[in-house]
Amino acid sequence: MNQTDTVTTATSAVPDDLGRFGEFGRRFVPETLMHALEQLNDEYQQAQQDEAFQQEFRELLRQFVGRPNPLYFAERLTKYCGGARIFLKREDLNHTGAHKINNTIGQALLTRRMGKQRVIAETGAGQHGVATAVACARFGFECIVYMGEEDIRRQKLNVFNMRTMGAEVRPVTTGSRTLRDAINDAMRDWMATVEDTHYILGSVVGPHPFPMIVRDFQSVIGREAREQCLAQTNRLPSEVIACVGGGSNSAGMFYPFIDDQDVELTGVEAGGRSDKPGEHASTLTFGRKGILHGTFSYVLQDDDGQTADVHSISAGLDYPGVGPEHSYWKETSRVNYTHVTDDEALEAFQTFARLEGILPALESSHALAQVFKTAGQRNADDIVVVCLSGRGDKDVNEVSRLLGQDL
Amino acid sequence: MSQISRITQTFADLQASNKMAFMPFVTAGDPDMAATKAMIEELSRRGVNLIEVGFPYSDPIADGPVIQASYTRALDNGLKVADIFLGIEELDTDNLPPLVAMVSFAIVYRIGVEEFTRRARQVGFAGLIVPDLPGDEASEMAEVAKKVGLDLVELVSPTTPPERVERILQSASGFVYCISVAGTTGVRNELPTALNEQLEWLRTKTDLPLAVGFGISQPDQVDVLWGVADGVIVGSAIVRMMEPVSESRQSVDDAISAVGNFAASMVAETGK
């Protein structure tokens, strides 16, 4: 890792057997987890080759999740921006209202394949927790969701949803009491329970093979968008834009376009209140290479390797690390990473709702803010595809509070 | 470096007199480095054979609640890696039991593998345990450690399959840290029965001493390990004794002497 790695062109043929995306990824976890990770990796390799598994996954996405969702031409948004034609990939129309369920359904199938009956998961705002609870209810698995005490207080609706679906929501009271501590606690649980428990990690982070598995299950987003764009416009998009926290919706969106060199890819991080440490969650913009949650990637940490505090208006982007494949795409310049502030995202949330009659998630509002900033500079022949990763119902409490309006 | 390491020598001496090693774990900087230094000196006086020094880390996934809480306390007090090194440097480490640093690879990588290892050696550590650097990722680190004369201790868990054990042992030195249970650090009442079988099997695979950790908290747990393990490690049970200090219910001196008494009771078992 210390030798100078030659930066090459990004390819979709990653990771390698060691879980490396270029120099990023791999496994930096306690020995107790290594066997579980190898077992998961073996099982996943077999599942990939198993047509019956893939068929069942596709069928569940169709019948249970409601896929394919539309690639929708945003006519008034296009007119408002006055440049490129803008299309929305409608992940907000999935069951549970976000992209997270693509991954939890896939991993639930893996859980059953491994003969395990108990599932654990971490959640920040609760979207992945809900998507996991839904998948576990669908398959009849015991489900335990680790959630920071702070987040439980802020996300009562999602906590209620999870419990209604039979999941146990276990409060995390250590450290910062938020998402990163929930991941720590889920990993601790897993170390003691690997024999009968699968850990459904919610983003393209963590040790190999998670970044690969989550990307693969999420890449249905980009595959559909690519086919739909070709079918509807007879060409590929000029640019694809998605928000990046841990990076699962963006990885799923970008991955099928990686080898289409002419398609520009733009990842939008949470710029928070300012560029000052602790006030944003722009890991790829301001972070540096390091270790967090078992993977080597860009990370926000201090000079001693201690994880930094982060902030974003959007709980789903409020994470001090990022998936290793994103670091690889940054390093190879395949994806351009930028960031927008809390205020810009909040403004995009409101303007977009009025223009299109769609309430976007605050996460997705970051991608939309980037569209508002740049689509007007493109010409009318250009096509911009945005991943509308989730709907904004979960954010109305927070947004109304920020706008000083009573619900 | 063909010289026998201090860790190797320590275990060899104990084995020659048919004793087990007792290796307590202390969290560096809980509540400050002055206390940690006093604690190390007290443990030495009480006859412990090696001492593990934990570098507080913000996201210690292998650790249970007791050790994590101690890490949080130390970091909240502003502890830096440089403070730990300075504190250890002030000790007369040649006349103390070998000190082994327990440190996350997140910290080692940020400081720099070479620089961290060199500095650790310079201040007087005899070995390193990097719990989130599993054997197959450790070859580079093992090479650097060897170059500067530090042992790199590898961990083996109850879930480690035999073929992995053999790979892991290739980069190991000093001793093998045998994790007694699948799970995190923390006090448990009983050790699993499969542990002895794994230790006996490990014995056929390596000449390195075998030290057992995770879950050990009292002298009577030593008995079942006689003849199969070369040493026992106690962490959470000791770190927990520092909790009253942070809650201002006890003075640092009293807490350290309580730890000393506990260490003496352990040494009475391992050294008999």
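Everything discussed here concerns the structure shown above.
Residues numbered from 1 in each chain as written. Chains lettered and ligands numbered in written order. Predicted model: local features only at pLDDT ≥ 70, side-chain atom pairs only at ≥ 80, totals over all residues. Heavy atoms only, no water.

A. Region of the structure containing the overall build of chain A. Across its full length, chain A holds 16 helices and 14 strands. Principal-axis analysis of the C-alpha atoms gives chain A an extent of 55 × 50 × 50 Å. Looking at chain A as a whole, 66% of its 407 residues are labelled buried. A fraction of 74% describes how many contacts in chain A between residues 6 or more apart in sequence connect residues 24 or more apart. (Helix = DSSP H or I, 4+ residues; strand = E, 2+ residues; numbered from the N terminus. Buried < 20%, exposed > 50% of the residue type's maximum accessible area, 1.4 Å probe, protein only. Contact = heavy atoms within 4.5 Å.)

B. Summary view of the interface of chain A and chain B. Taken residue by residue, the interface counts 37 residues in chain A and 40 residues in chain B. Connecting chain A to chain B are 5 salt bridges. Across the pair Arg180 of chain A and Asp59 of chain B runs a salt bridge whose closest N-O atoms are separated by 2.9 Å. The interface formed by chain A and chain B holds 20 residue pairs in polar contact (both at pLDDT 80 or more) in total. Put simply, the parts of the chain that give the side of chain A that touches chain B at least two residues each are α1 (31–49), α8 (179–193), β11 (288–292) and β12 (295–299) of chain A. (Salt bridge = Lys/Arg side-chain N within 4 Å of Asp/Glu carboxyl O. Polar contact = N/O pair within 3.5 Å; in protein donor to acceptor, adjacent residues only side chain to side chain.)

C. Structural context of the environment of Val386 of chain A. All names here are of chain A. Residue placement: Val386 occurs in strand β14 (residues 383–388). For Val386, a relative accessible area of 0% corresponds to the buried category. For the pair formed by Val386 and Ala367, sequence separation is 19 residues and the distance between their alpha carbons is 6.9 Å. If near-sequence neighbours (up to four positions away) are discounted, Val386 is found in contact with Ile86, Phe87, Leu88, Lys89, Ile241, Met253, Ala367, Leu368 and Val371.

D. Region of interest: the sheet that holds strand β3 (residues 71–73) of chain A. Residues and elements named next belong to chain A. The sheet built from 6 strands is open, its strands ordered β3-β4-β14-β9-β10-β13 with mixed pairing. Of all strands in the sheet, those bounded by a partner on one side alone are β3 and β13 (335–341). For this sheet, the mean inter-axis angle between neighbouring strands, taken without regard to orientation, is 30 degrees. The sheet strands contacting helix α15 (residues 362–374) are β4 (85–90), β9 (239–243), β10 (264–272), β13 and β14, and the helix crosses β9 at an angle near 140 degrees. (Pairing = 2+ DSSP bridges. Axes fitted to C-alpha atoms, helices over the stretch in contact; angles between N-to-C directions.)

E. Structural view of empty space enclosed by the protein. Taken as a whole, this structure holds 8 cavities of 30 Å³ or more when the rule is applied. Estimated volume of the largest cavity: approximately 440 Å³. Around the largest cavity, the lining is made up of 34 residues, and of these His99, Lys100, Gly316, Leu317 and Glu363 of chain A lie nearest the centre. Listing elements by their share of the lining of the largest cavity, those giving two or more residues are β5 (118–123), α5 (127–139), α8, α11 (248–254) and α15 of chain A. The residue makeup of the lining of the largest cavity, split by class, is 11 nonpolar, 18 polar and 5 charged. Formed jointly, the lining of the largest cavity draws a minimum of three residues from each of two domains, domain 1 (20–61 + 100–214) and domain 2 (66–98 + 219–402) of chain A. In this structure, the second largest cavity occupies an estimated 220 Å³ of space. Contributing to the lining of the second largest cavity are 22 residues, with Tyr57, Pro60, Ile61, Ser104 and Asp132 of chain B lying nearest its centre. Its residues assigned to classes, the lining of the second largest cavity comprises 14 nonpolar, 5 polar and 3 charged. Shared between two domains, the lining of the second largest cavity takes at least three residues from each, and those domains are domain 1 (20–61 + 100–214) and domain 2 (66–98 + 219–402) of chain A. (1 Å grid on protein atoms, 1.4 Å probe; cavity = no way out; pocket = protein on both sides within 12 Å on 5 of 7 lines; lining within 4 Å. Points joined across faces, edges and corners; volume = space filled by probe spheres on them. Nonpolar A, V, L, I, M, F, W, Y, C, P; charged D, E, K, R; others polar. Domains from an automatic or database assignment.)

F. Seen up close, the packing of aromatic side chains. In the structure shown here, the tally under the stated rule is 21 aromatic pairs over all chains. Pairing Phe85 of chain B with Phe116 of chain B gives two aromatic rings, centres 5.2 Å apart and planes at 55 degrees, and the pair type is tilted. Of the two residues, Phe85 of chain B is situated in helix α4 (residues 81–89) and Phe116 of chain B in helix α6 (residues 113–123); the sequence distance between them amounts to 31 residues. No difference in accessibility class separates Phe85 of chain B from Phe116 of chain B, as the two residues are buried. Considering the side-chain rings of Phe105 of chain B and Tyr109 of chain B, the 6.3 Å spacing of their centres and the 55 degrees angle between planes classify their relative orientation as tilted. Within this pair, Phe105 of chain B and its partner Tyr109 of chain B are both found in helix α5 (residues 105–111), separated by 4 residues, close to a single helical turn. Among the aromatic residues, those joined into a ring-pair cluster are Phe24, Phe28, Phe296 and Tyr298 of chain A together with Phe105 and Tyr109 of chain B. (Phe/Tyr/Trp six-rings, centres within 6.5 Å; stacked < 30°, edge-to-face > 60°.)

G. Focus on helix α12 (residues 252–270) of chain B. All names here are of chain B. Between its first and last C-alpha, α12 extends 27 Å over 19 residues, near the 27 Å set by a 1.5 Å rise per residue. For α12, the full list of buried residues reads Ala255, Ile256, Val259, Gly260, Phe262, Ala263, Met266, Val267 and Thr270. Where the residues of α12 are buried, they touch β1 (21–27), α2 (33–45), β8 (231–234), α10 (236–239) and α11 (243–246). (Expected span 1.5 Å × (residues − 1).)

H. Expanded view of the state of the cysteines. Residues and elements named next belong to chain A. Taken as a whole and assessed by the stated rule, the structure comprises 0 disulfides over all chains. Left unpaired, Cys229 is separated from the closest cysteine sulfur, that of Cys387, by 14 Å. Judged by its relative accessible area of 0%, Cys229 falls in the buried class. (Disulfide = S-S within 2.5 Å.)

I. Focus on the sheet that holds strand β6 (residues 142–148) of chain A. Residues and elements named next belong to chain A. Taking strand neighbours across the sheet as the criterion, the 4 strands line up as β7-β6-β5-β8 in an open arrangement whose pairing is parallel. A strand with exactly one partner marks an edge of an open sheet, and here the two such strands are β7 (168–172) and β8 (197–199). Direction aside, neighbouring strands of the sheet carry axes that sit 25 degrees apart on average. Pairing of β6 with β7, which is carried by 5 bridges, proceeds in the parallel orientation. Note on β7: the bridge partner recorded for Ile144 is Glu168.

J. Inspection of the environment of Ile313 of chain A at higher detail. Structurally, Ile313 of chain A is set in the loop between β12 and α13 (324–331). On a C-alpha basis, the gap between Ile313 of chain A and Leu362 of chain A in space is 7.4 Å, while along the polypeptide they are 49 residues apart.

K. Just the pairing of β8 of chain B, in detail. Residue and element names in this part refer to chain B. Both faces of β8 are covered, namely the face carrying Gly231 and Ile233 and the face carrying Val232 and Val234. Pairing between β1 and β8: 4 bridges, direction parallel. Counterpart to Ala21 in the pairing with β8 is Gly231. Here strand β7 (residues 210–213) runs beside β8; their pairing, made up of 2 bridges, is parallel.

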